[in-house]
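# Structural description and commentary
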Amino acid sequence: MSKNIFGSVASTENFPLMPAKLPSLIALLTKNVPESCRPAVANAVFPALGTLVSDVRFDLIDGSQDKEPNFMCVLMAKQSSGKSAVNAPIRFILDRINQRDKVNRLREKEWLAAVNSCSSRQAKPEHPDDLVIQILSDDMTNAAFVRRLADARGRYIYTKMDELELLNNLRTSGTKDVGKIIRLAFDNAEYGQERVSFTAVTERVPVRWNWNASATILKGMEFFHSRLVDGTLSRINLCTIVRERGAEFRYLPYDQSFADSLKPFLDNLESTHGHLQCDEAFRMAERLQRKCMDISYQCDDPVIEELASRAVTIAHMKAIVLYIANGCRWDETIDQFCEWSLDYDLACKSHFFGRQIAIEQSREIVTTHRGPVNLLAYLPANFTRQDLLSLRLKVGMSEDCSPILRVWIRRKYISYNESTGFYT
């Protein structure tokens, strides 16, 4: 075991390990899956949890107001690594919505039958206002997607995709890249389509859409290849599964006892509404933002700087959801879990895409990218400019030391003695 740049003990794959003590809801949702799958499950449950939340808003540390908690999560892992471990927890979380959807799909079918049975001279029955269907098939069209968003009346719709490329079903001639919809969803921005046909869907509505998707590593890298620096990847929560050879891999059963234990948390998520003021979550987000910037400057790694802001927002949203699920009571385990989740998200993105993002940023093209390297940790207590230059060249960085030295001095990481020429 070693310690990675985010301050947590890391496995050989350099992903931080989960805290020993978890928030009660996360502990419950991860207890029945193999240990190697728990980090993935702990992140992947949030799109489903967020779909139970409606009319909840909070403020972000950048001054943005009335943010709604929304989640998009991609699980990238090798074949036969256990990606299906997320299925049962998500199914239990969404069970109550699934039951409501079954009733509403039947009502919708009856309404359509009534519409189709009307003659051209008869007034057609209007679409019921309360006919909300939240869980969508992964084989939806763009028009169906917009229609469900409009019908949801402020609630979130949800999709689970076993294959990441199914997202491309949402592409139309007007939206050639599904990345646009992903970016709009993170910001709850408006999306829709204008049509002139009487029967066509014509709507513009806020994108309230949570989703999960899985992919093998190769498929995931192919999907994000052209979406690394346009804001698409940074808006998604990324997780993986590291399954060690020979390790025990066994699922425990999900039963009525599990459902009963889960119910109070889900009740809290559905019954809480309005603008929330959670000072502890706000202060946590401020601290995590400072931490990410420190890591970025100490490692002189623009990739972390590129990803950090929205990663902090994702952690902030998770804190709000856990706070609501806990009966609007803060717990230190929420703080510890959300910090780990941030570290884990950034570690996954750096592991899979760090090198490619650096190339896209027109930085250095390096032969390998093992994640950010804390340069200060590899320099002696007293070092010269040449020491730093040699280290930068060794890890594949440019020769220009001046900008980062100025930043380090300004942020008081180091001091400079003009008489000796040494940095301390």
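Residues numbered from 1 in each chain as written. Predicted model: local features only at pLDDT ≥ 70, side-chain atom pairs only at ≥ 80, totals over all residues. Heavy atoms only, no water.

## Examining the overall build of the protein
Selection rule: Numbered from the N terminus, helices here are DSSP runs of H or I no shorter than four residues, and strands are runs of E no shorter than two. Only C-alpha atoms enter the radius of gyration; for comparison, a globular chain is expected to reach 2.2 Å times N to the power 0.38, where N is the number of residues. Relative accessible area decides the class of each residue, using a 1.4 Å probe on protein chains only: under 20% of the type maximum gives buried, over 50% gives exposed, and in between gives partly exposed. We call two residues in contact when some of their heavy atoms are within 4.5 Å. Note on areas: Shrake-Rupley with a 1.4 Å probe; residue coverage comes only from the protein chains shown. Positive residues here are Lys and Arg, negative ones are Asp and Glu, while His and the chain termini are left out of the count. Note on charges: their place is set at NZ of Lys, CZ of Arg, CG of Asp or CD of Glu.
Looking only at helices and strands, the protein features 14 helices and 13 strands. Relative to the compact-globule value of 22 Å for 424 residues, the protein shows a C-alpha radius of gyration of 24 Å, a close match. Dimensions of the protein, computed from the C-alpha atoms along their principal axes, are close to 95 × 50 × 45 Å. Burial status across the protein gives 50% buried among its 424 residues. Considering only residue pairs separated by 6 or more positions, the protein has 74% of its internal contacts joining residues 24 or more positions apart. A total accessible area of about 20,300 Å² is found for the protein, and carbon and sulfur atoms account for 48% of it. Taking the average place of the 54 positive charges on the side chains of the protein and the average place of its 53 negative ones, the gap between the two points comes to 3 Å.

## Structural notes on the packing of helix α9 (residues 256–271) against helix α11 (residues 302–325)
For clarity, the cut-off: The axes used here are C-alpha line fits, helices contributing only the stretch in contact, and every angle between their N-to-C directions lies in the interval 0 to 180 degrees. For classification purposes, angles smaller than 35 degrees are called roughly parallel, those larger than 145 roughly antiparallel, those between 65 and 115 roughly perpendicular, and all remaining angles oblique. Polar here means any residue outside two lists: the nonpolar Ala, Val, Leu, Ile, Met, Phe, Trp, Tyr, Cys and Pro, and the charged Asp, Glu, Lys and Arg; Gly therefore counts as polar.
Relative to each other, α9 and α11 sit at 110 degrees, their axes nearing to 7 Å. It follows that α9 is roughly perpendicular to α11 by the angle criterion. Every residue of α11 that contacts α9 at Phe265, Asn268 and Leu269 is listed here: Val321, Ile324 and Ala325. Class assignment for the residues of the contact of α9 with α11 results in five nonpolar, one polar and no charged.

## A closer look at the nonpolar core
Where a protein is soluble and globular, its nonpolar side chains tend to be buried together. Threshold: Here, nonpolar core means buried Ala, Val, Leu, Ile, Met, Phe, Trp, Tyr and Cys residues that are tied together by side-chain atoms lying within 4.5 Å of each other.
Leu49, Phe145, Trp209 and Trp211 are the most contacted members of the largest nonpolar core, which has 130 residues in total. Setting aside chain neighbours within four positions, we find tryptophan 209 in contact with Phe71, Met72, Met140, Phe145, Tyr156, Ile157, Thr159, Met161, Leu167, Leu170, Ile181 and Ala185.

## As for the confidence of the model for the protein
To keep it simple, the criterion reads: pLDDT expresses how confident the predictor is about each individual residue, on a scale running from 0 to 100.
Per-chain confidence: the protein averages 86 in pLDDT, with 91% of residues scoring 70 or above. Taken element by element, the predicted model of the protein shows its lowest mean pLDDT in strand β1 (residues 2–3) (39) and its highest in helix α3 (residues 46–51) (98). When the criterion is pLDDT under 50, residues 363–368 qualifies, and its contacts beyond four places in sequence or with other chains add up to 13 contacts.

## With respect to the packing of aromatic side chains
For the record, the criterion: Side-chain rings of Phe, Tyr and Trp (the six-membered ring for Trp) are treated as a pair once their centres are within 6.5 Å; stacked means planes under 30 degrees apart, edge-to-face means over 60, and tilted covers the remaining angles. Lysine and arginine charges are scored as sitting over a ring when NZ or CZ, respectively, is within 6 Å of the ring centre and within 35 degrees of the ring normal.
Scanning all chains against the criterion turns up 17 aromatic pairs. For the pair phenylalanine 46 and phenylalanine 337, a centre-to-centre distance of 6.1 Å together with 25 degrees between the ring planes defines the contact as stacked. Linking phenylalanine 46 in helix α3 with phenylalanine 337 in helix α12 (residues 332–360), this pair joins segments that are 291 residues apart in sequence. Accessibility classification places phenylalanine 46 together with phenylalanine 337 in one group, the buried group. Summarising the aromatic geometry, the rings of tyrosine 254 and phenylalanine 258 are spaced 4.9 Å apart at their centres and angled 85 degrees between planes, so their arrangement reads as edge-to-face. Here a set of aromatic residues connected by ring pairs shows up, and it is made of Phe15, Phe46, Phe71, Phe337, Trp340 and Tyr344. Over the ring of phenylalanine 249 we find arginine 243; its NZ or CZ atom is 3.6 Å from the centre of that ring.

## With respect to the packing of helix α8 (residues 217–224) against α12
For the record, the criterion: Crossings are classed by handedness, with left-handed meaning an anticlockwise turn of the near helix from the far one by less than a right angle and right-handed meaning a clockwise turn.
At a minimum axis separation of 11 Å, α8 and α12 run at an interaxial angle of 35 degrees. Here the hand of the crossing between α8 and α12 comes out right-handed. Here Ile217, Gly220, Met221 and Phe224 of α8 lie close against α12, whose contacting residues are Phe352, Phe353 and Gln356. In the contact of α8 with α12, the residues fall into five nonpolar, two polar and no charged.

## Quick look at α12
Cut-off, in case you're wondering: Think of it this way: the bend at a residue is just the angle between two axes, each fitted to seven residues, one set ending at that residue and the other starting at it.
For α12, the principal kink sits at phenylalanine 353 and spans about 70 degrees. Across the 29 residues of α12, 21 count as buried, placing the element largely inside the fold.

## Overview of a negative patch on the surface
Note the following rule: Each patch groups residues whose relative accessible area exceeds 30% and which form no salt bridge, using 9 Å between like charges and 5 Å between nonpolar side chains of Val, Leu, Ile, Met, Phe, Trp and Tyr. Criterion for a salt bridge: a side-chain nitrogen of Lys or Arg within 4 Å of a carboxyl oxygen of Asp or Glu.
A surface patch of like charges, here negative, comprises Asp279, Glu280, Asp331 and Glu332. By the secondary structure assignment, glutamate 280 is in helix α10 (residues 279–299).

## Examining the environment of serine 214
Its location among the elements puts serine 214 in strand β9 (residues 209–215). We classify serine 214 as buried; its relative accessible area is 7%. C-alpha of serine 214 to C-alpha of lysine 83: the two residues are 131 residues apart in sequence and 7.2 Å apart in space. The contacts of serine 214, once residues within four sequence positions are left out, are Leu75, Lys83, Met161, Asp162, Glu163 and Leu164.

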